[in-house]
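Fold and geometry: a report
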Amino acid sequence: MTARETDVAALAEGVAAGERRALARAITLVESGRADHRAQALDLLARLRAEGSPARGRQALRLGLSGTPGVGKSTFIESFGLMLTAQGKRVAVLAVDPSSARSGGSILGDKTRMEQLSRDPRAFIRPSPSQAQMGGVARRTREAVALCEAAGFDLVLIETVGVGQSETVVAELCDLFLLLLAPAGGDELQGVKRGIMEMADLILVNKADGDLKPAALRTMADYAGALRLLRRRPQDPEGFPKAMCVSALATEGLGVAWEEMTALAEWRRAQGHWEARRAAQARHWFEEEVRQGLLAVLDREPARGMLQGLGQEVMAGHLTPEAAAARLLGALR
C-alpha cells in the first residue's frame, strides 16, 4: 500500500470513528478541484461504503433549509441544533456561503453567527463557498453530506444561499425541505417563487414573538391557504405540506416543528417514499456529474481554442451562434 493510500485509509478510519478533525479534512478533500485530490476523494468515499466498513449503511435525516436574507436562518439553526444536541443527537450543519463573482471568495461567517452551537461537542458546522453554483449549494455538498452520515451524525442540515427559482436544486440533496420566512405585510406571497413553494415540506414563519407575533400568525395563515391550492404530492400524508410559526430567538415552536419533521420522515419511510426518493436523487447526481464533466471538456484544449476562435467569428458576424455551436459540437463528436 502506497503512502497516499495509507493516508486515505487512515482518513476513512477517522471519519468512520466520528473524529471531527478527520471529517473536516475529508470535506476539504472532496471540495478540492485538483485532479489528484479528486482521485483520493473517490477512493475515500469508496472505502467508507465498502463491505466491512463500520460507516457502511449509516443514514442521517437530511434537512434542507432556505430563506430570504435576514430571516434568521443562523439563529434558527443554532436554537434548533442546541435543542437536538440536548436530546443527545449529533447534528452537522453544512452552511453554503455566497461566493463573489469577481474574486471567487466567501466570508464563511456562519461559525461566528452560531457561536454556541459551534462549541457544542455534539455539533459540527462546516461553511463552504457556493463558488457560483446554480441552486445555492456547492457542487460537492452531496459528498459532504455522505461524509457526515459516515461519521455517525443523526441529522445533517444544509443551509442554502438565499431564495430563488434555481434553488430547488436543494430538493435533490435532502429528505425534507424547510422554507424559513419572516413576518411581512402586504404581498409577501409574491416574494417567494412557486417552485420553492412546491418543493417545501414545511414552511416555518420565524420571529413569531413580541410585537411581530400577530403579523407572523397572519403570514402563516396566508401561506397555509396558498399550500392548499397546490397539487397534492404522492409523497405527502394528509395535512402536508404545512405552515407553522416558530421563534428561534425565544425558542418557541421548535419542538413542535421537530415532531412534525420526524412524523413526516417516518411516514415516508413506512410508505416506501424515502428509499425511492434517495434512489432518484442518486440518479440525478450521476447525470449532473456527467454534465459537469462534459462542460469541463470545453475548458480544455483543443475545445477551448475552438470555442474562442468560433466566438470571434460570431462576434464579427461571419457565423450565426447556432452554426458556430453546431460546428464545435460536430468537431467534438
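Everything numeric here is computed off the predicted structure, so don't read it as measured data. (Residues numbered from 1 in each chain as written. Predicted model: local features only at pLDDT ≥ 70, side-chain atom pairs only at ≥ 80, totals over all residues. Heavy atoms only, no water.)

Concerning helix α12 (residues 303-315)
The periodicity of an α-helix, 3.6 residues per turn, causes residues three or four places apart in sequence to face the same way. The following threshold applies: Runs of E in the DSSP output that reach at least two residues are strands. Runs of H or I that reach at least four are helices, and both are numbered from the N terminus. Helices are assigned an expected span. That span is 1.5 Å times one less than the residue count.
Taking 1.5 Å per residue as the helical rise, α12 with its 13 residues ought to reach 18 Å, and the 18 Å between its terminal C-alpha atoms agrees with that figure. Just past α12, the residue G317 takes up positive phi, approximately 85°.

Here we look at the packing of aromatic side chains
The condition that has to hold: Each pair of aromatic rings taken from Phe, Tyr and Trp, with Trp reduced to its six-membered ring, is defined by centres within 6.5 Å and is described as stacked if the planes are under 30 degrees apart, edge-to-face if over 60, and tilted in the remaining cases. Accessible area is worked out with a 1.4 Å probe on protein chains only. A residue is then buried under 20% of its type maximum, exposed over 50%, and partly exposed in between.
Summed over all chains, the structure comprises three aromatic pairs. Seen in terms of ring centroids, F80 and W258 are 5.8 Å apart; in terms of plane orientation they differ by 70°. Their pairing is edge-to-face. Of the two residues, F80 sits in helix α4 (residues 73-86) while W258 sits in helix α10 (residues 254-271), which places them 178 residues apart along the sequence. Judged by relative accessible area, F80 falls into the buried class, the value being 1%.

Quick notes on the confidence of the model for the protein chain
Using the following cut-off: Values of pLDDT, ranging from 0 to 100, describe the predictor's confidence in every residue of the model. Only heavy atoms enter the contact rule, under which two residues are in contact if any of them lie within 4.5 Å.
Averaged over every residue, the pLDDT of the protein chain is 86; the share at 70 or more is 84%. Ranking the elements of the protein chain by mean pLDDT puts helix α5 (residues 110-113) last, at 60, and α10 first, at 97. Contacts of residues 132-136 to residues separated by more than four positions or lying in other chains number twelve contacts, the stretch itself having pLDDT below 50.

Here we look at the packing of helix α3 (residues 35-49) against helix α7 (residues 141-150)
Our working rule: Angular values range over 0 to 180 degrees, each being the angle between N-to-C directions of two axes fitted as lines to C-alpha atoms, with helices fitted over their stretch in contact. Should an angle fall under 35 degrees it is taken as roughly parallel, and over 145 as roughly antiparallel, whereas 65 to 115 is taken as roughly perpendicular and any remaining angle as oblique. A clockwise turn of the near helix away from the far one marks a right-handed crossing, whereas an anticlockwise turn of less than a right angle marks a left-handed crossing. For this classification, the nonpolar set comprises Ala, Val, Leu, Ile, Met, Phe, Trp, Tyr, Cys and Pro, the charged set comprises Asp, Glu, Lys and Arg, and every other residue, Gly included, is treated as polar.
The geometry of α3 relative to α7 is characterised by a closest axis approach of 11 Å and an angle of 40° between their N-to-C directions. Of the possible angle classes, the one that applies to α3 and α7 is oblique. The two elements α3 and α7 cross, and the hand of that crossing is left-handed. On the side of α3, the interface is formed by R38, L44, L45, L48 and R49, while α7 contributes E143, A146, L147 and A150. Among the residues making up the contact of α3 with α7, the classes are represented as six nonpolar, no polar and three charged.

Examining the nonpolar core
For clarity, the threshold we go by: To form a nonpolar core, buried Ala, Val, Leu, Ile, Met, Phe, Trp, Tyr and Cys residues must be joined to one another through side-chain atoms within 4.5 Å.
By size, the foremost hydrophobic cluster in this structure holds 45 residues, and its most contacted members are L44, L48, L147 and I203. Setting aside its immediate chain neighbours within four residues, L44 contacts V8, L11, A12, A26, L29 and L147. Counting residues in hydrophobic clusters, the runner-up holds 34 residues, among them L63, V71, L176 and L264.

Structural notes on helix α11 (residues 273-298)
The terminal C-alpha atoms of α11, which comprises 26 residues, lie 38 Å apart, in line with the 38 Å expected from a rise of 1.5 Å per residue. Residues of α11 that are buried include every one of W274, R278, Q281, W285, E288 and Q292, and no others. Among the structural elements, β1 (61-67), α7 and α10 are those in contact with the buried residues of α11.

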